[in-house]
Amino acid sequence: MADDVLAVRVAELYYEDDKTQDEIGALLKITRWKVGRLLAQARERGIVRIEIVHPRARRLGVERQLRERFGLVDAVVVPAPTSVGTDAGTGGTVTGTTTDADAHDRVAQAAADFLAALRPVPRLLGVSWGRTLSDVADHLADGWASGVEVVQINGGVSLNKRASTAASTAVEIARKAGGQATLLPSPAILERLETKRAIEADRTVAGVLEKASAASVYLYSAGVADDTSALVDSGYLTAADVAELVRKGAVGDVVGRYIDANGNIVDPALDQRTVGLGLDRLRSATTGVLVIAGRAKHDIARAVVGGGLCSVIVTDEHTAAALLEE
């Protein structure tokens, strides 16, 4: 028997018939050592593919590639969820990839798991806001840590109904850790530079920004540059404003700051009117955790990771594959 055929037979007996390596050796008249070598060969050549199927499983090999390629401290990659249905014509089982919403939910859970397992436990955690961070807060378990102080790292106060997102996210993360939240009492973007300077000169706001710059861990996401942006939903920018930013090269925003494909600010005037931590602080952070998922966010994920704006990424395997293709 050729080695490939023998490897197939060994794999069938081991994985499907539950035979031990000793039993397989006796059946096929080969040594136990050769059985082990053939099983390894079957995996290396793709004859056998082992997949751990669980919503909280991880792609460890892909995580290693991301760390090595981009010099990341850590990476968490969750498998893309799949749906199983019935073919209307044949009655057979059909498997297909589900929506980005499913991947987003898995990534939010993975980020919550990562945060809860982080050691040492962050005593001061800086968080951004938006849909992704709100979902991470929802997935965190009560008691995920003890005595963690959470500080908001970019403004989020507005008259829009989504205004509560920024405050509620920080408060919920802190509540579940038995700690306190320090909120940044300012809009994300001001209309006038003079107003922004006056607000940042206020003792309360200046104190929050100083505390935010001292956080040991940062948790944030990134948004796409289109009219689905949380900044558009919250009333800070119009769809036309974002279209103009795209014309200037924007691929999305991180902590409210619009960047190009290289991770650079695309509109310095707008950036000067944006309240919160600057990108230099994210680049210098020892633990800056980017939580991002979905095909629509591949470009902004490349910009953040490639621009050195995070040291840890929590994402789905399709986004990870897009990063590694570059």
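Residues numbered from 1 in each chain as written. Predicted model: local features only at pLDDT ≥ 70, side-chain atom pairs only at ≥ 80, totals over all residues. Heavy atoms only, no water.

Caption draft 1: Quick look at the pattern of salt bridges. Applying the stated criterion across every chain yields a total of 17 salt bridges. A salt bridge links E12 to R9; the nearest nitrogen and oxygen atoms lie 3.9 Å apart. Of this pair, E12 and R9 are both found in helix α1 (residues 3–16), three residues apart, which corresponds to roughly one turn of the helix. Its relative accessible area of 33% is what places E12 among the partly exposed residues. (Salt bridge = Lys/Arg side-chain N within 4 Å of Asp/Glu carboxyl O. Helix = DSSP H or I, 4+ residues; strand = E, 2+ residues; numbered from the N terminus. Buried < 20%, exposed > 50% of the residue type's maximum accessible area, 1.4 Å probe, protein only.)

Caption draft 2: View of the layout of surface pockets. Empty space within the largest pocket amounts to approximately 440 Å³. Around the largest pocket sit 26 residues that line it, and R131, T132, A222, G223 and K297 are the ones nearest its centre. Contributing elements (two or more residues each) for the lining of the largest pocket: α5 (100–117), α6 (131–139), β8 (222–224) and α10 (230–233). Residues belonging to the lining of the largest pocket are distributed by class as follows: ten nonpolar, eleven polar and five charged. (1 Å grid on protein atoms, 1.4 Å probe; cavity = no way out; pocket = protein on both sides within 12 Å on 5 of 7 lines; lining within 4 Å. Points joined across faces, edges and corners; volume = space filled by probe spheres on them. Nonpolar A, V, L, I, M, F, W, Y, C, P; charged D, E, K, R; others polar.)

Caption draft 3: Structural detail: the sheet that holds β8. Reading across from one edge, β8-β9-β10 is the order of the three strands in this open sheet, with antiparallel pairing throughout. Since the sheet does not close on itself, it has two edges, and those belong to β8 and β10 (257–259), each with one partner. Within the sheet, the average angular offset between the axes of one strand and its neighbour, ignoring direction, is 30°. (Pairing = 2+ DSSP bridges. Axes fitted to C-alpha atoms, helices over the stretch in contact; angles between N-to-C directions.)

Caption draft 4: Spotlight on the sheet that holds strand β11 (residues 288–291). Taking strand neighbours across the sheet as the criterion, the seven strands line up as β1-β12-β11-β7-β4-β5-β6 in an open arrangement whose pairing is parallel. At either margin of the open sheet sits one strand with a lone partner, and together these are β1 (74–78) and β6 (181–182). As judged from the three bridges shared by strand β4 (residues 124–127) and strand β7 (residues 217–220), these two strands associate in the parallel manner. Paired with L125 across the two strands is V217, which belongs to β7. Strands β1, β4, β7, β11 and β12 (312–316) of the sheet are contacted by α5, whose axis makes an angle of about 150° with β12. (Contact = heavy atoms within 4.5 Å.)

Caption draft 5: Just the nonpolar core, in detail. Core analysis: the biggest nonpolar cluster contains 39 residues, and L66, V254, L290, V304 and I313 have the highest contact counts within it. When residues no more than four places from it in sequence are discounted, the contact partners of I313 are L66, L72, D74, A75, V76, L290, I292, V305 and L323. Ranked by size, the runner-up nonpolar core spans 31 residues in total, among them V107, A170, A293 and V312. (Core = buried A, V, L, I, M, F, W, Y, C linked by side-chain atoms within 4.5 Å.)

Caption draft 6: Expanded view of empty space enclosed by the protein. Applying the stated criterion across every chain, the model contains two cavities of 30 Å³ or more. In this structure, the second largest cavity encloses a volume near 40 Å³. Every residue along the wall of the second largest cavity is listed here: G256, R257, Y258, I265, V266, D267, L270, D271 and T274. Across the lining of the second largest cavity, the residue classes tally to four nonpolar, two polar and three charged.

Caption draft 7: The packing of aromatic side chains, seen in detail. A complete count under the given rule lists two aromatic pairs for this structure. When the centroid spacing of 5.0 Å and the interplanar angle of 90° are considered together, the rings of Y14 and Y15 count as edge-to-face. The class for Y15 is partly exposed, based on a relative accessible area of 33%. (Phe/Tyr/Trp six-rings, centres within 6.5 Å; stacked < 30°, edge-to-face > 60°.)

Caption draft 8: Expanded view of the environment of A215. Tracing the backbone shows A215 in the loop between α9 (203–213) and β7. You can call A215 buried: its relative accessible area is 4%. When the C-alpha positions of A215 and T287 are compared, they lie 9.5 Å apart, and in sequence the two are 72 residues distant. The residues contacting A215, other than those within four sequence positions of it, are L124, L125, G126 and R281.

Caption draft 9: Summary view of the pairing of β4. Taking every second residue as pointing to the same face, both faces of β4 are buried, with L124 and G126 on one and L125 and V127 on the other. Bridge analysis of β4 against strand β5 (residues 149–152) gives four bridges, and the strand direction is parallel. For G126, the partnering residue across the bridge sits in β5 and is V151. On the question of chirality, the crossover connecting β4 to the parallel β5 by way of α6 is right-handed. (Right-handed = clockwise from strand over helix to strand, strands pointing away.)

Caption draft 10: Looking closely at the confidence of the model for the protein. Looking at the protein, pLDDT values average 88 and 91% of them are 70 or higher. Confidence drops under pLDDT 50 across residues 92–97; counting only partners more than four residues distant or on other chains, this segment forms 19 contacts. (pLDDT = per-residue confidence, 0-100.)

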